Amino acid sequence: MRTLITNIKQLLQVEFATENKQKVYGKELAFLPSINNAWLIIDNGRIHSFGAMKEFPNTYTDEIIDATGKLVLPSWCDSHTHLVFAAPRQEEFVDRIKGLSYEEIAMRGGGILNSAAKLNKISENELYDQSQIRLLNVMAQGTGCIEIKSGYGLCLAGELKMLKVIRRLKENNTIPIKASFLAAHAYPIEYKQNKPAYINLIINEMLPIIANEGLADYIDVFCEEGFFGIPETERILEAGLKYGLKPKIHANQLHFSGGVQIGIKHNAISVDHLECVGNEEIEALKNSTTIPTLLPGAAFFLGMHYQPARKMIDAGLPVCLATDYNPGSCPSGNIPLLLTIACTQLKMTPEEAINAVTINGAAAMELSNELGTIKIGKKANIIITKPIESVASIPYDFGNNSIEKTIYYK
Ligand code: NIG
Ligand code: FE
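Quick caveat, the model's predicted, so the values are computed rather than measured.

About the criteria used
- Residues numbered from 1 in each chain as written.
- Chains lettered and ligands numbered in written order.
- Predicted model: local features only at pLDDT ≥ 70, side-chain atom pairs only at ≥ 80, totals over all residues.
- Heavy atoms only, no water.
- Near = heavy atom within 4 Å.
- Polar contact = N/O pair within 3.5 Å; in protein donor to acceptor, adjacent residues only side chain to side chain.
- Areas by Shrake-Rupley, 256 points an atom, 1.4 Å probe, with all protein chains shown as cover.
- Buried < 20%, exposed > 50% of the residue type's maximum accessible area, 1.4 Å probe, protein only.
- Helix = DSSP H or I, 4+ residues; strand = E, 2+ residues; numbered from the N terminus.
- Pairing = 2+ DSSP bridges.
- Donors = N, O, S within 2.8 Å, 3.2 Å for Na, K, Ca; no water.
- Axes fitted to C-alpha atoms, helices over the stretch in contact; angles between N-to-C directions.
- Parallel < 35°, antiparallel > 145°, perpendicular 65-115°, else oblique.
- Left-handed = near helix turned anticlockwise from the far one by under 90°.
- Contact = heavy atoms within 4.5 Å.
- Nonpolar A, V, L, I, M, F, W, Y, C, P; charged D, E, K, R; others polar.
- Phe/Tyr/Trp six-rings, centres within 6.5 Å; stacked < 30°, edge-to-face > 60°.
- Lys NZ or Arg CZ within 6 Å of the ring centre and 35° of its normal.
- Domains from an automatic or database assignment.
- Buried area = accessible area lost by both parts, 1.4 Å probe.
- Salt bridge = Lys/Arg side-chain N within 4 Å of Asp/Glu carboxyl O.

In the region of ligand 1, 15 residues are neighbours, and Tyr102, Tyr152, His185, Gln253 and Ser329 sit closest. Contact distances for ligand 1 include 2.4 Å between an oxygen atom and a side-chain N or O atom of Tyr102. In the environment of ligand 1, an oxygen atom lies 2.6 Å from a nitrogen or oxygen atom belonging to the side chain of Tyr152. The protein chains hide 100% of the 320 Å² of surface that ligand 1 would expose on its own.

Each regular strand carries side chains that alternate between the two faces of the sheet. Burial analysis of strand β3 (residues 46-52) places five of its seven residues in the buried class, which makes it a mostly covered element. Pairing geometry for strand β2 (residues 34-43) and β3, over six bridges, is antiparallel. Looking across to β3, one finds that Ile42 is bridged to Ile47. If you look at the hairpin formed by β2 and β3, you'll find two residues sitting between the two strands, and Asn44 has a positive phi there, around 50 degrees.

In this section: the coordination of the iron ion (ligand 2). Around the iron ion (ligand 2), the donor atoms from the protein are His80 (NE2), His82 (NE2), His250 (NE2) and Asp324 (OD), and they sit 2.1 to 2.2 Å away. For the iron ion (ligand 2), the single-chain donor residues occur in sequence as H-x1-H-x167-H-x73-D.

Next up on the list: the packing of helix α5 (residues 156-172) against helix α6 (residues 195-212). Contact geometry of α5 with α6 gives a least axis separation of 10 Å together with a crossing angle of 25 degrees. It follows from the interaxial angle that α5 and α6 lie roughly parallel. Both α5 and α6 take part in a crossing whose hand is right-handed. On α6, the residues that touch Leu156, Glu159, Leu160 and Leu163 of α5 are Glu205, Met206, Ile209 and Ile210. Looking at the contact of α5 with α6 residue by residue, the classes come out as six nonpolar, no polar and two charged.

Both the distance between ring centres and the angle between the ring planes are used here to describe each pair of aromatic rings. Following the criterion strictly, the structure yields eight aromatic pairs and no others. Here Phe85 and Tyr325 contribute two aromatic rings whose centre-to-centre distance is 6.1 Å and whose plane-to-plane angle is 75 degrees, an arrangement assigned as edge-to-face. You can see Phe85 sitting in the loop between β6 (76-78) and α1 (90-97) and its partner Tyr325 sitting in the loop between β13 (320-321) and α12 (335-344), a full 240 residues away along the chain. Across the pair, exposure class does not vary: Phe85 and Tyr325 are buried alike. Members of the aromatic cluster, each reached through a chain of ring pairs, are Tyr187, Tyr191, Tyr198 and Phe228. Here the guanidinium or amino end of Arg134 rests over the ring plane of Phe85, the centre of that ring lying 3.5 Å away.

Before going further, it helps to examine the domain arrangement of the protein chain. On domain assignment, one finds that the protein chain holds domain 1 (2-74 + 371-407) and domain 2 (77-363). Distance between the C-alpha centres of domain 1 and domain 2: 29 Å. With 29 residues of domain 1 in contact, the opposing surface of domain 2 contributes 31 residues. Counting the surface lost from both domain 1 and domain 2, the interface buries some 2,200 Å², and carbon and sulfur atoms represent 69% of this. For the interface between domain 1 and domain 2, the tally reads zero salt bridges. The tally of links from domain 1 across to domain 2 stands at eleven residue pairs in polar contact (both at pLDDT 80 or more). Only β5 (70-74), α15 (393-396) and β15 (403-407) provide two or more residues apiece to the side of domain 1 that touches domain 2. Among the residues making up the side of domain 1 that touches domain 2, the classes are represented as 16 nonpolar, seven polar and six charged.

Right, dumping it as structure tokens:
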């Protein structure tokens, strides 16, 4: 099957065959290479060729899409989500409005433990059906590749249920999906007085089964004061690495917890959240291959201070953005809205924000060779916008959908 898209007002985020872009750093984030008045051919799910309309090739195609007035760009790569969950948590949203903090709600058994109780009550099929609806919803908003975490089971059966649901989502949907094992998300109530026993359960009982069944691509830990400290995080990351699971961790969301440094020490693919980041963390990131992934949707929804994105970009870091879609701190997987938050609150330009959720998002799932730019041979996962003024219209026109059509392949 060969599809030709013609008269594209602007073809964005193009990469030429001679380049080998893995991620985009610092000042380069401001630049989205593009071709005005362009064409693009997709052949059997891959980018076959592209160019300017004045050099239009005379070639056979099965289908022609006229993109007059529209932009074409790679679909979003959302490298951090928890979209498999059992129920929303509106009651905690209202408690926060009335003055309780996210941490206070967690301390009294709400938060992640609330979600775990709900998840352990429903069947795998029910969990799958709910999650599938959420996935289709974010795909309609332009997400063409996604990472999904476990972490609301907090027991072997619950974690397996979540990871099996993620595997079914992988099998039944047309986009690439990566899975992360996040049993170290919170201590279950029954282990509050015996935390080492829960770490042992994760390492000795859950991890071998999950790794042997190939249910996870990565290992994650919520490294945070009041959750998992540095020694516990290290033990879990080391155990995961023995099974070939590389880390992608939750770091520095609520405190300067040392999570960034511990992630770097264990060659984490990414350290995610980063509300609490200063010079020390930035220096450590500069001397590493670990991707700093910002989740400003959570800071927005919890009313917390934002990540110092400008400082990180000025330091030359390969800043990535992801949604964190979850029922507690960010009940939205909408990347166009995330782009608006990144532009208005983190002062990223639209080009910087789009680099951060395309090529850098792909890198945070180790998929830069397949996704994230319009390059010959890559998967043709793309977004065709409605007729719009410019790339800035996507974050500018917030709350309105700028996307007309998406094309996805696994
Ligand atoms: O990334 N901070 C830890 N985990 C999630 C939130 C989980 C929840 O509240 O359900 C996050 O924000
Ligand atoms: Fe998260």
